[in-house]
Amino acid sequence: MDILFLLIPLSVVLALLIIGALGWAVWRGQFEALEQEAERILHTD
Amino acid sequence: MSTAPPSVLGNLGAMQASPSLLPTGSMPPAPGHAAAWAALDEPAEWEGFSRPVAGREGWWESYLAIDGMHCAACALTVEEVLNNLPGVEAVHVNGVTATARLQWRPQATRPSAWMAAVRKAGYGALPAGDLMLAGRRMQAQRVMLWRWLVAGFCMMQVMMYAAPAYLASAGEITPDIQALLGWASWVLTLPVLLFSCWPFFSAALRDVRQLRIGMDVPVALGVLIAFGASTAATFDPGSPWGGYASYDAVPMFVFFLLSGRLLEQRLRDRTAGALEALMRRLPDSVERQDADGSFRAVAVRRLVAGDLIRVLPGQAFPADGAVETGESRVDQSLLTGESRPLLRRVGDGVIAGSHNLTSVLLVRVQRVGPQTRYAEIVALMEQASVEKPGLVQLVDRIASPFLIAVLLASAAAAVWWWPFGPAHAMAVAVSVLIVTCPCALSLATPAAMLAGAGALARGGVLVRKLQALESCAGIDTVVFDKTGTLTEDRMDVIMAHTPVGVNRDEACDMAGALARHSLHPVSRAIAARFPAPGWVASEVEEVAGRGLRGKVARLDGSGQQYLWLGSASFCGAPVPGRGAPLLQAHLSDGEHYLAGFELDEAIRPDAARAVSSLLELGIRVQLLSGDTGQAVAHLARRAGIEWCFAECKPEVKLEHVRRLQREGHRVMMVGDGMNDGPVLAVADVSMAMGEAVPLAQAKADFIMTGNRLLTVPALLVQARRTRTIVRQNLLWAAIYNAACVPLAIVGYMPIWLAGFGMAASSLLVVANSARLARLAPEQ
């Protein structure tokens, strides 16, 4: 079970990274106007 | 690709010179729009809707409100159109809020070019300075969302670390692994505590500094105690807190709480949306006539009374004024609740913030800026929304002793449970702190009343005092004033009769053609009732106080006659005796009597329906008037009112309302707000017609902005619904607290459940109130 001493701290670091990624997504406006982005692919330009 | 050739749009000169670039068809005359937009090209105007981009020399960032977007695809189209313009970058169009943000370089492009491009794509664009403020609010929303996401994610992760402790049997997890899990949980709870909980801590700190006790104090205290106990348990397993390392409770509780606040904020934003839509209606620039007679675009804030402005179809009126040339339909729905487009002819008034729909109007400006009715309405709505009605004040008074009781109860619970282990005692105390939130209690009334008042404002009733909405629900008698309230300020032909042998239609048309030449109320009524398009009158002269005479003929000149229209003696023809009490006018050709008209005050078209709706609601309807008995009785019959009182002087009206009140009735008085101030003041609830007086001076609790009497029953229905919902909310809050506090004190309420219960409870109250955001359908 020694591997837990590596995996648990690793999971903590990962969790902190994900929090940062969520912040990045929020500030890039990823959670606003959700439908608009979904329809972008259908839009000919 | 691009819907607009960039080479042309980029060149401002070409755009102004070429009207063909602008949409044709139903939107005449196109060059006017270009001129209006050209005003925005003045660097002095940029500050209104743009600001320089920090760190990007020579670039500006602007905000536009986009009209006519219905779906996400529309937003993409607009974005593409703007992106294809030279000198425009970083375009972001939000389909939900109908706004656009873009960066641009003055060397390469001008605001008028984007406006034209957006319009060519089939949408409307308005520069929106207020969106710069909205940008700040959006930032606040983003921080809130991030706090919520951090709490949610940490909650899941911490729960995973906690799971082994729940699943494993005693001794299965070695102490070093247990300590490792504890530290990992501690590290991930820290962001929740420091970042997600910050709003609670800062609010609690503010309360404590001002020696008050607010709703966030117990929450902050609960979080701190739970986290402190868990920390002690993790880093000093030998301490008395040894058994209490339940980190999973804190993030979970915070997550529920933030979820509640987030949803509450969204619901409230939707209610506030109506007010904001109202505030954004004024255009930024307008075409004003210069001394040389040509029209030039100027900023709205430079307008003064007396200016002549040109308002194109699709534009909003920037100021109050009177139509000088043209005839068009206007949409005043947001300001008065009147949903049908209204016809506006020469001489009619138009109000700032309403929209011109069908054709070009030249308007003489009468009032600008804060004097407009639009500004008055916005100010009144703002004022009413910050005022606290009596029930709210009562709840506020209760809330603080209630919170102190909560703190004492949780301390008492901690003391009681202390012998069973400090860790358990702490857990109970924290649950008590968290579960008994007076949030639901203090939201119960204002949430419902604001939602109710917002819906009324959209339906044509301004609520000046939220307090009155409360008393309005108990009304059992509605007293109407007559002149200007049940009736309009004009006459109406209610009967036309002709002697045997005279062509009735022809006689009426001839009277109408003659009456067109006079401004006397009787003539106006006859001309309005019989427009007589096929007839003209000439050589018309008016004899003051008696009547009109002149030549009347068909358009082709045939059938010419010299006619008299006026009082019986003026006409000079024998008038058949009719004992009607009403005002009469007669038409004759000097020898023969041709037609007679009976006129009465014009009753508002929805008066009878309003009265019957009120009667259906079980309300007594009365009519008070200073007018003579016959006229009042006649009008009461037409409106369907059973009780009427004529020849009432103001003090008699006052005494009448007081007597009703002494008999135990709760009286609502509906008047024009001008002559009946004292009666309005003495009635339990008062409502004034918004047409007659400046709104700020009207001494009434409610103001009817659209002069539609049907809003009276609608108001009473809405007030009753509001009362029902406030009662439901208060009842729920009371039941919730009565049930949960004892459960928490006896230790049956884990911390996470306490947090969930509290968030769900306030959410339920807000969602219940949101049902009031729409008026009940009119019967």
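Residues numbered from 1 in each chain as written. Chains lettered and ligands numbered in written order. Predicted model: local features only at pLDDT ≥ 70, side-chain atom pairs only at ≥ 80, totals over all residues.

Scanning chain B for helices and strands turns up 27 helices and 27 strands. Expressed as a percentage of its 779 residues, the buried residues of chain B come to 46%. For chain B, long-range pairs separated by at least 24 residues make up 66% of all intrachain contacts whose partners lie at least 6 apart in sequence. (Helix = DSSP H or I, 4+ residues; strand = E, 2+ residues; numbered from the N terminus. Buried ≥ 20, exposed ≤ 12 C-beta atoms within 10 Å, placed from the backbone. Contact = placed C-beta atoms within 7 Å.)

So, on to the overall build of chain A. Check the secondary structure of chain A and you find 2 helices and 0 strands. For chain A, buried positions account for 9% of its 45 residues.

It is worth spelling out the interface of chain A and chain B at this point. Counting from both sides, the interface comprises 21 residues of chain A and, opposite them, 23 residues of chain B. For the side of chain A that touches chain B, the elements supplying multiple residues, two or more each, are α1 (4–27) and α2 (34–40) of chain A. Of the residues contributing to the side of chain A that touches chain B, the split by class is 13 nonpolar, 3 polar and 5 charged. (Nonpolar A, V, L, I, M, F, W, Y, C, P; charged D, E, K, R; others polar.)

For the rest of this paragraph, the subject is the packing of helix α10 (residues 216–235) of chain B against helix α15 (residues 422–435) of chain B. Residue and element names in this part refer to chain B. The N-to-C vectors of α10 and α15 enclose an angle of 160°; their axes lie 8 Å apart at closest approach. In terms of axis orientation, α10 runs roughly antiparallel to α15. Note on packing geometry: the crossing formed by α10 with α15 is left-handed. Contacts from P218, V219, L221, G222, I225, A226 and A229 of α10 reach α15 at A423, M426, A429, V430, L433 and I434. Looking at side-chain class alone, the contact of α10 with α15 contains 12 nonpolar, 1 polar and no charged residues. (Axes fitted to C-alpha atoms, helices over the stretch in contact; angles between N-to-C directions. Parallel < 35°, antiparallel > 145°, perpendicular 65-115°, else oblique. Left-handed = near helix turned anticlockwise from the far one by under 90°.)

Take the confidence of the model for chain B next. All names here are of chain B. For chain B, the average pLDDT comes to 78, and 82% of its residues sit at 70 or higher. Note on residues 1–31: pLDDT under 50 across the span, and 52 contacts to partners over four residues away in sequence or across chains. Here the predicted complex carries an ipTM of 0.90, next to a pTM of 0.64. (pLDDT = per-residue confidence, 0-100.)

Let us look at the sheet that holds strand β6 (residues 285–289) of chain B. All names here are of chain B. Pairing is antiparallel in the open sheet, where 6 strands are placed in the order β7-β6-β8-β14-β9-β12. Strands at the two margins of the open sheet, each flanked by one partner only, are β7 (295–299) and β12 (349–350). Pairing of strand β8 (residues 308–311) with strand β14 (residues 361–367) involves 4 bridges; the strand directions are antiparallel. Its bridge partner being in β14, L308 is matched across the sheet by R364. (Pairing = 2+ DSSP bridges.)

Before going further, it helps to spend a moment on unusual backbone geometry. Residue and element names in this part refer to chain B. In the Ramachandran plot, A90 falls in the positive-phi region, its phi being about 50° despite a non-glycine side chain. Secondary-structure assignment places A90 in strand β3 (residues 88–94). With a phi close to 50°, E539 is a non-glycine residue in the positive phi region. Turning to its location among the elements, E539 is positioned in strand β18 (residues 535–543).

Residue and element names in this part refer to chain B. Looking at the element boundaries, G452 is found in helix α16 (residues 439–459). Using a count of 28 C-beta atoms within 10 Å as the deciding quantity, one classes G452 as buried. G452 sits 270 residues away from T722 along the chain, and the two C-alpha atoms are 6.3 Å apart. Contacts of G452, omitting those with residues within four sequence positions, involve L469, Q718, T722 and L772.

So, on to the sheet that holds strand β27 (residues 702–704) of chain B. All names here are of chain B. Spatially, 7 strands are ordered β15-β27-β26-β25-β16-β23-β24 in an open sheet, and the strand pairing comes out mixed. At either margin of the open sheet sits one strand with a lone partner, and together these are β15 (461–463) and β24 (643–645). On average, adjacent strands in this sheet sit at an angle of 20° to one another, irrespective of strand direction. Direction of pairing for strand β23 (residues 620–624) relative to β24: parallel, over a ladder of 3 bridges. Bridge pairing in β24 links Q622 to W643.

To continue, consider the nonpolar core. Generally speaking, nonpolar side chains in soluble globular proteins are found buried as a group. Residue and element names in this part refer to chain B. Core analysis: the biggest nonpolar cluster contains 162 residues, and V223, F253, V254, V432 and V463 have the highest contact counts within it. Ignoring anything within four residues of it in the chain, the contact list for V223 reads L193, C197, F200, V250 and V254. Formed by 31 residues, the second largest nonpolar core is a distinct cluster that contains V493, C508, A511 and L514. (Core = buried A, V, L, I, M, F, W, Y, C linked by C-beta atoms within 7 Å.)

All names here are of chain B. Where strand β20 (residues 561–566) and strand β21 (residues 583–588) come together, 3 bridges link them in antiparallel fashion. Its bridge partner lying in β21, W564 is registered against S588. Between β21 and strand β22 (residues 593–603), which pair antiparallel one after the other, the connecting turn spans 4 residues, and G590 there sits at a positive phi close to 100°.

Turning our eyes to something else, we now look at helix α24 (residues 650–662) of chain B. For α24(B), built from 13 residues, the straight-helix expectation of 18 Å at 1.5 Å per residue is met to within 8% by its first-to-last C-alpha distance of 18 Å. Residue B:G664 follows α24(B) closely and has a positive phi angle near 95°. (Expected span 1.5 Å × (residues − 1).)

What follows covers the packing of helix α26 (residues 711–745) of chain B against helix α27 (residues 751–770) of chain B. Residues and elements named next belong to chain B. It is at 9 Å that the axes of α26 and α27 come closest, and there the two elements cross at 175°. Compared by their axis directions, α26 and α27 come out roughly antiparallel. Each of I725, Q728, N729, W732, A733, Y736, C740 and A744 in α26 lies in contact with α27, whose residues at this interface are A754, G757, S761, L764, V765, N768 and S769. Classifying every residue of the contact of α26 with α27 gives 9 nonpolar, 6 polar and no charged.

Attention now goes to helix α9 (residues 198–209) of chain B. Its 12 residues place the ends of α9(B) 16 Å apart at the C-alpha level, agreeing with the 16 Å of an ideal helix rising 1.5 Å per residue. Once α9(B) finishes, B:L211 follows within two positions and takes phi at roughly 55°, a positive value.

On to the environment of B:L743, then. All names here are of chain B. Among the secondary structure elements, L743 is positioned in helix α26. Along the chain, L743 and V432 lie 311 residues apart, while their C-alpha atoms are 8.7 Å from each other. If sequence neighbours within four positions are ignored, L743 has contacts with Y748 and M749.

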